[in-house]
Amino acid sequence: MQTGKNMPHHLDIHFSSEFSTTHVQLVLMHENEGIINKVDEGLMETLLAAFNLADFTGKTGEFLPVYSSYGPVLIAGIGKGMDAGLSAETWGGRLFKQMQTVPFNKLQIDADLLPAEIVPSVLCGALSASYYFDQYFTVKKPDKIAAELHVTSANKTKLSRSWSQSKALVAGVFTARDLLYEPANVLYPKEFSRRCAELESVGLDVQIIPEKELETLGMGALLGVGQGSRRDSAVVVMNWQGGNDEAPIALVGKGVCFDTGGISLKPAKGMEDMKWDMGGAAAVTGAMHALAGRKVKRNVVGIIGLVENMPDGNAQRPGDVVTSLSGQTIEVINTDAEGRLVLADVLTYVQDKFKPQAIVNLATLTGAIIVSLGKEYAGLFSNNDVLANAVTTAGGNVDEKCWRMPMGKAYDDMLKSHIADMKNIAGPYGGAITAACFLRRFIKNDTPWVHLDIAGKAWSEKAKPTVPKGGTGFGVRLLSQMIDDWVDMK
Ligand code: BES
Ligand code: MN
Ligand code: ZN
């Protein structure tokens, strides 16, 4: 299984029915039941002495390294037992952190001591925590230690089979993170497209629509954004047909490979962050990778609009009027409100071509959503309560939280233009909402639709136990979970 371009993590997980003599033993301690491994009497005495001295009670996620004449041992608290899912993942993430110290970097865990459904979650959390992007260091960081987890089980075949599902999911998350980290001089529309095409190896059908063809199609809104760039724009369609002849679910992503703001230029401070203005496209690409890797029994089409927003002699000007693929005209008041212009055409295209039963689009669309919700929740906007709830629930189950925001005519009215069908920005307030209202104008026949504004979620300055700081891959797990739980909409 391919995991992203560079296998950019440093945790090697393997399964065996044999105990290893070269790996440190992980000893599990239950808050009520004490140590649950079978260990020799002498070692047991040593461990008891150690955790009495250290006041170690076995709370979840607490660890105690022990050195004795029996060799090093790592004691891990499992509280009063763990549930599969988030709590076990978090525990796995914390376990990985312990593995960043020699000799605990080579660890063995007896999987048969834990309920079978917990183990993939633990490994999933540990692997996710181990991600790092070291592509451009010529001297490898000394604080990154290669870690090896030796998982023993009497039924290793069954275990490695269930692990392959979780592993494929993490591979999708890593694909998204890789794309987020890459700088914009490397990852421009053509290179992004090429990386999508590489995913044909996992069974996706990938079509790249080059700029010339976008012109023929009439994607005036998307092309206006890219017209100041030396790099050609592109749209990529990734198709996964795991279901029967049901209408597909469409995943749509904003892929602005760099957002300078264009002629409505952004301030210099922090502009480097705009290399990850393709976070929506990264999430869609990662999710498609995960769905294909997991061979999900659904039809899903992923589509991303790839552009670079640059100021230039040929750039789009404030006040320009463009004609979108839908036929609706747009007065471009602010060239920095470009994401919605890109999405407008991609949304139209996916509806015309694939007649999806539902659409979920993801975009680092507005700074205003960060003003509204901070960095805890993604903003969720929808025309359909069932779909909105499905997305919110899926997100809650994988710690990718969403909060539904209002929409409505009063906000939509603020997009009125004197010269065209609409403007691309409204007044100074409620910017995330008016952006969503703009997108809604491109949804046909009330197709169930959700827009996730992930401007506050795609990149994080703070590490979580299973998500290192930096590109998070937010959305991949949510989308994968949502599709697992899918109930047909029409
Ligand atoms: N890519 C930005 C939004 C963004 C901001 C993403 C911060 C991630 C972090 C988007 O294209 C943008 O520039 N939006 C403007 C809209 C405004 C001109 C109406 C904004 O939010 O300021
Ligand atoms: Mn912008
Ligand atoms: Zn942008």
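Here the structure is a predicted model, which means the values were calculated and not measured.

1. Some remarks on the coordination of the zinc ion (ligand 3)
For the zinc ion (ligand 3), every protein donor is listed as Lys254 (NZ), Asp259 (OD), Asp277 (OD) and Glu338 (OE), and the spread of their distances is 1.9 to 2.4 Å. Taken together, the six donor atoms coordinating the zinc ion (ligand 3) span angles of 78 to 173 degrees at the metal, a pattern that classifies the geometry as octahedral. Written as a sequence motif, the donor residues of the zinc ion (ligand 3) are K-x4-D-x17-D-x60-E. Between the zinc ion (ligand 3) and the manganese ion (ligand 2), the interatomic distance is 3.2 Å, and Asp259 donates to each metal, bridging them. Placement of the pair is Asp277 in the loop between strand 10 (249-259) and helix 8 (279-293) and Glu338 in the loop between strand 13 (329-332) and helix 9 (339-354), with a sequence separation of 61 residues. Both residues of the pair, Asp277 and Glu338, belong to the buried class.

2. With respect to the packing of helix 9 against helix 13 (residues 431-440)
Direction vectors running N to C along helix 9 and helix 13 enclose 25 degrees, while the axes themselves pass 9 Å from each other. Compared by their axis directions, helix 9 and helix 13 come out roughly parallel. Crossing geometry of helix 9 relative to helix 13 is assigned as right-handed. Taken together, the residues of helix 13 that come into contact with helix 9 (itself represented by Arg340, Leu341, Leu343, Ala344 and Leu347) are Ala435, Phe438 and Leu439. Looking at the contact of helix 9 with helix 13 residue by residue, the classes come out as seven nonpolar, no polar and one charged.

3. Describing the sheet that holds strand 12 (residues 320-323)
Spatially, the three strands line up as an open sheet ordered 12-13-17, and their pairing is mixed. Taken across any chain shown, the strands that pair with only one partner, and hence form the sheet edges, are strand 12 and strand 17 (422-423). In terms of strand pairing, strand 12 meets strand 13 through four bridges, oriented antiparallel. Residue pairing across strands places Asp320 opposite Val332, the latter belonging to strand 13.

Rules used throughout
- Residues numbered from 1 in each chain as written.
- Chains lettered and ligands numbered in written order.
- Predicted model: local features only at pLDDT ≥ 70, side-chain atom pairs only at ≥ 80, totals over all residues.
- Heavy atoms only, no water.
- Donors = N, O, S within 2.8 Å, 3.2 Å for Na, K, Ca; no water.
- Tetrahedral: all angles 85-135°; square planar, octahedral: opposite > 155°, others 65-115°.
- Helix = DSSP H or I, 4+ residues; strand = E, 2+ residues; numbered from the N terminus.
- Buried < 20%, exposed > 50% of the residue type's maximum accessible area, 1.4 Å probe, protein only.
- Axes fitted to C-alpha atoms, helices over the stretch in contact; angles between N-to-C directions.
- Parallel < 35°, antiparallel > 145°, perpendicular 65-115°, else oblique.
- Left-handed = near helix turned anticlockwise from the far one by under 90°.
- Contact = heavy atoms within 4.5 Å.
- Nonpolar A, V, L, I, M, F, W, Y, C, P; charged D, E, K, R; others polar.
- Pairing = 2+ DSSP bridges.

Honestly, that's just the spatial picture; any functional story needs more than this.
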